[in-house]
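Here's the letter readout for the chains.
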Amino acid sequence: MAEHEEKAGLSYAYILECADGTLYTGWTNDLEKRVRTHNSGRGAKYTRPRRPVRLVYFEAFETKEEAMKREAAIKKLKRAAKEKLVESENCSLPAWAE
């Protein structure tokens, strides 16, 4: 698993909490921009009617392929396992996400 801090040039697997309490998992190379995109209604079809969303977890990777692989693995987890990730102390959210 990669570091849990936001850095330029990295790719990220992330979990958002939607306004209806559901969790959405995705990947990006710019966390702040991607969360803004979701909240503007131009993000994923799933999140559009569930705004606002907030970043609750992310992992950083050297390549987009690693981030996409982790995204796929997280999507296969049951909700309880995703909640454990969110509650873990392994992830320091950036100030803009708090």
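Residues numbered from 1 in each chain as written. Predicted model: local features only at pLDDT ≥ 70, side-chain atom pairs only at ≥ 80, totals over all residues. Heavy atoms only, no water.

A. A look at the pairing of strand S1 (residues 11-17). Here S1 lies mainly inside the structure; six of its seven residues are buried. Here S1 runs beside strand S2 (residues 23-28); their pairing, made up of six bridges, is antiparallel. From the neighbouring strand, Ile 15 faces S2, where its bridge partner is Thr 25. Between S1 and S2, which pair antiparallel and follow one another directly, the connecting turn spans five residues, one of which, Gly 21, has a positive phi of 90°. (Buried < 20%, exposed > 50% of the residue type's maximum accessible area, 1.4 Å probe, protein only. Helix = DSSP H or I, 4+ residues; strand = E, 2+ residues; numbered from the N terminus. Pairing = 2+ DSSP bridges.)

B. Spatial organisation of the side chain of Glu 59. For Glu 59, the position within the fold is in strand S3 (residues 54-61). Here Glu 59 falls in the buried class, since its relative accessible area comes to 0%. Of the polar contacts made by the side chain of Glu 59, one reaches the side chain of Tyr 57; its length is 2.7 Å. Side-chain polar atoms of Glu 59 contact the side chain of Arg 70, separated by 3.0 Å. (Polar contact = N/O pair within 3.5 Å; in protein donor to acceptor, adjacent residues only side chain to side chain.)

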